Protein chains: 2
Amino acid sequence: MTLPSRVRIVEVGPRDGLQNEPLPVSVETKAELVARLADAGLTTIETTAFVSPRWVPQMADAAKVMARVNASRRPGVRHTVLTPNLKGFEAARAAGVDEVAVFAAASESFSQRNINCSIDESLTRFEPVLAAAREASLPVRGYISCVAGCPYEGAVAPRAVADIAARLIAMGCFEVSLGDTIGSGNPATIRAMLDAVLARVPAAQLAGHYHDTWGMAIANILVSLEAGIAVFDASVGGLGGCPYAPGASGNVATEDVQWLMQGLGIDTGVDLDALVDTAAWISNELGRRPASRVAPARLAQRGKACENR
Amino acid sequence: MTLPSRVRIVEVGPRDGLQNEPLPVSVETKAELVARLADAGLTTIETTAFVSPRWVPQMADAAKVMARVNASRRPGVRHTVLTPNLKGFEAARAAGVDEVAVFAAASESFSQRNINCSIDESLTRFEPVLAAAREASLPVRGYISCVAGCPYEGAVAPRAVADIAARLIAMGCFEVSLGDTIGSGNPATIRAMLDAVLARVPAAQLAGHYHDTWGMAIANILVSLEAGIAVFDASVGGLGGCPYAPGASGNVATEDVQWLMQGLGIDTGVDLDALVDTAAWISNELGRRPASRVAPARLAQRGKACENR
């Protein structure tokens, strides 16, 4: 198997993770989480979201979090944030972010229920964001959710994913993150989805964003590596869980991804122990155990009990 | 990718799993677990072990468990048991088992610490067991532990595994189960190990026995399927944990393996929901949550809370 020699892990815990945690988290804790992740070697951190506080109260402190983060910047670290519209983009830009992201769905039902418009409408809404970002020289990442399945519609056609990915790239996104939002993808369906997308978009512009809800994330990353994908989103400690299956796992844990990469001899620049310590710390702050395999195994190996509940 | 169209899952929860659980389990509960697993479609169940009660007190009730199991046999289900020596074999035979198993290690240190003799000595000890089994027309399975790593020695050479696998087959074992006892294997090292073993033993005589301690088990099964392996050991609910990393995961959960097989269109004859219900029931009996991804996800999907602690 020919695999990429280097992989970039995009850490999404502070946004995608914390957004779905039931306990409120202070600005200080969020900023400390971001700093710890940067110190662990993560170079791209999805730091917060500039979205309506009415819809996403957990991210209402976005400007404050960015201000804290900017007060003690780590060199070489990019902070990316979600910006669904021009208002969010302008606030993000004013807050000094490095990159923004727009998000579409591959399923019409999910698009309607999640962002209250059709897929086409969502792409139209992103146009002014992309134009403004171009003017400000800020790179824009595109997210596609439900690339392997939708909680309302079931299976999603690979062609639908490929079509939206190609449109996001054509609109100016530098990269498209393919999100298996409910973790229903398996190595066969992820491979089929990637085959369709790779016919339209080169591997260098794609990222895998997989959820471990059904335990398939690491295997899905493996087949994605084999397909040439070299960017993967992950959430430290598996922060966030699965909003569609309460009590189940959500985003694949960053430490599990890092363990796979180390095992395959793939360089990420991330320090496993710093990452595991961060997973243990933030999980403890949230009163739970890390939702990863690697954190408890590594802590036990180091003679530390997992200090969480 | 060309994968086997049919896979046999060997359920090891009642033995390998329960042996490592801290709480004592009654004969009734053990027999009910075996019956529920058989009803879920598992056709090979590692039911108990005929070993010294001084070393393994959890299995001291082996004859009683087999008597209960035999009192309500499910047709087409094979009950296999561990028999380290002739005394254990004779007791197992008298108890009416269908198959026995012997176990060696691929690491000298592990062999010494686990069964108190060298690898060569362990193979010599198995000779009378294999002779007696041949006379009694009972098939013998061979286990090799530490095929990817040893808790005392670290990495284990693929050639050492291949050598012992070939010797076990030459001695008369019908199948050799390759055990990643501490779960340290990853898709690269498991593939290298399989390459070495497959040069000596055909895929049809091999089984993968992987632990999910570091979250790699499903990916390791995927590369094993690609190498032609079509038998996998698994433990319902991930029973057993990891004795070498307390609090961490051990045997890969049967329901996670079943989910992978379903996703890949591979027939196992196992019913996922019956399996998940069994995982939830036995985990509840043991006062813990299933150590799998699929059980909580499936229970949430079915509108059932995971009723465990």
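The numbering scheme is per chain: residues are counted from 1 as the chain's sequence reads. By the order in which they are written, chains take letters starting at A while ligands take numbers starting at 1. pLDDT decides what is reported in this predicted model: residues at 70 or higher carry local features, side-chain atom pairs at 80 or more are listed and counted, and totals for whole chains, interfaces and linings draw on all residues regardless. The side-chain figures draw on all heavy atoms in the structure; neither hydrogens nor water molecules are used.

As a further point, take the overall build of chain A. Helix and strand content of chain A: 12 helices and 10 strands. The globule rule is 2.2 Å times the number of residues to the power 0.38, and the radius of gyration it is compared with is taken over C-alpha atoms. Whereas a compact globule of 309 residues would reach a radius of gyration of roughly 19 Å, chain A reaches 18 Å, a difference of no more than 12%. Once the C-alpha set of chain A is aligned to its principal axes, its extents read approximately 55 × 45 × 35 Å. Only protein chains enter the accessibility calculation, which uses a 1.4 Å probe; a residue whose area is less than 20% of its type maximum is buried, one above 50% is exposed, and one in between is partly exposed. Here chain A holds 309 residues, and the buried ones make up 61% of them. Only runs of H or I of at least four residues qualify as helices and only runs of E of at least two qualify as strands under DSSP, and these elements are numbered from the N terminus.

Glancing now at the confidence of the model for chain A. Note: predicted coordinates in regions of low pLDDT should not be interpreted at a detailed level. The quantity known as pLDDT measures the predictor's confidence residue by residue, on a range of 0 to 100. Of the residues in chain A, 98% reach a pLDDT of 70 or more, and the chain-wide mean stands at 95. The complex model carries a pTM of 0.96, and its ipTM stands at 0.95.

Residues and elements named next belong to chain A. Counted residue by residue, strand β8 (residues 175–180) has six buried out of six residues, so it is predominantly covered. A two-sided burial pattern is seen for β8, the buried positions comprising Glu175, Ser177 and Gly179 on one face and Val176, Leu178 and Asp180 on the other. In this structure, strand β5 (residues 140–145) lies alongside β8, joined through four bridges in parallel fashion. From the neighbouring strand, Arg141 faces β8, where its bridge partner is Glu175. Two strands qualify as a pair provided DSSP detects at least 2 bridges between them. Taken together, the five bridges between β8 and strand β9 (residues 206–210) define a ladder with parallel strand orientation. Residue pairing in the sheet places Val176 in a bridge with Leu206 of β9. Each parallel crossover has a hand, and the one from β8 via helix α8 (residues 187–198) to β9 is right-handed. A clockwise course of the path from the first strand over the helix to the second, judged with the strands pointing away from the viewer, identifies a crossover as right-handed.

Right, let's get into the relation of the copies chain B and chain A. The least-squares superposition of copies is restricted to C-alpha atoms, and to residues with a pLDDT of at least 70 in both copies. In screw terms, the move from chain B to chain A is a rotation of 180° and a rise of 0.0 Å along the axis, fitting with an RMSD of 0.0 Å. Taken together, these values place the two copies in the relation of a two-fold axis. By C-alpha distance to the rotation axis, the residue of chain B lying nearest is Ala219 of chain B, at 2.2 Å. Contacts: residue pairs with any heavy atoms within 4.5 Å of one another. Most of the interface of chain B is mirrored in chain A, where 100% of its interface residues again form contacts.

Before going further, it helps to spend a moment on the interface of chain B and chain A. Listed per partner, the contact involves 35 residues of chain B and 35 residues of chain A. Computed with a 1.4 Å rolling probe, the buried area is the accessible surface lost when two parts are put together, summed over both parts. The contact between chain B and chain A buries some 2900 Å² in all, and 67% of this surface belongs to carbon and sulfur atoms. If you sort the residues of chain B by the area they bury against chain A, Trp214, Trp259 and Arg293 of chain B come out on top, with a joint share of 29%. Criterion for a salt bridge: a side-chain nitrogen of Lys or Arg within 4 Å of a carboxyl oxygen of Asp or Glu. Inspection of the region where chain B meets chain A yields four salt bridges.

Another point: the sheet that holds strand β1 (residues 8–11) of chain B. All names here are of chain B. The strand order around the closed barrel formed by eight strands is β1-β2-β3-β4-β5-β8-β9-β10, and the pairing between neighbours is parallel. Along the sheet, successive strands turn relative to each other by an average axial angle of 25°, direction set aside. Pairing geometry for strand β4 (residues 99–105) and strand β5 (residues 140–145), over six bridges, is parallel. Following the sheet pairing, Ala105 is matched in β5 by Ser145. Note on method: axes are straight lines fitted to C-alpha atoms, helices fitted across the in-contact stretch only, with angles between N-to-C directions ranging 0 to 180 degrees. The sheet strands contacting helix α9 (residues 217–226) are β8 (175–180), β9 (206–210) and β10 (231–234), and the helix crosses β9 at an angle near 165°.

Attention now goes to the pairing of β1 of chain B. Residues and elements named next belong to chain B. Here β1 runs beside β10; their pairing, made up of four bridges, is parallel. Note on β10: the bridge partner recorded for Val10 is Asp233. With two bridges connecting them, β1 and strand β2 (residues 44–49) associate as parallel partners. What sits directly across from Glu11, in β2, is Ile45.

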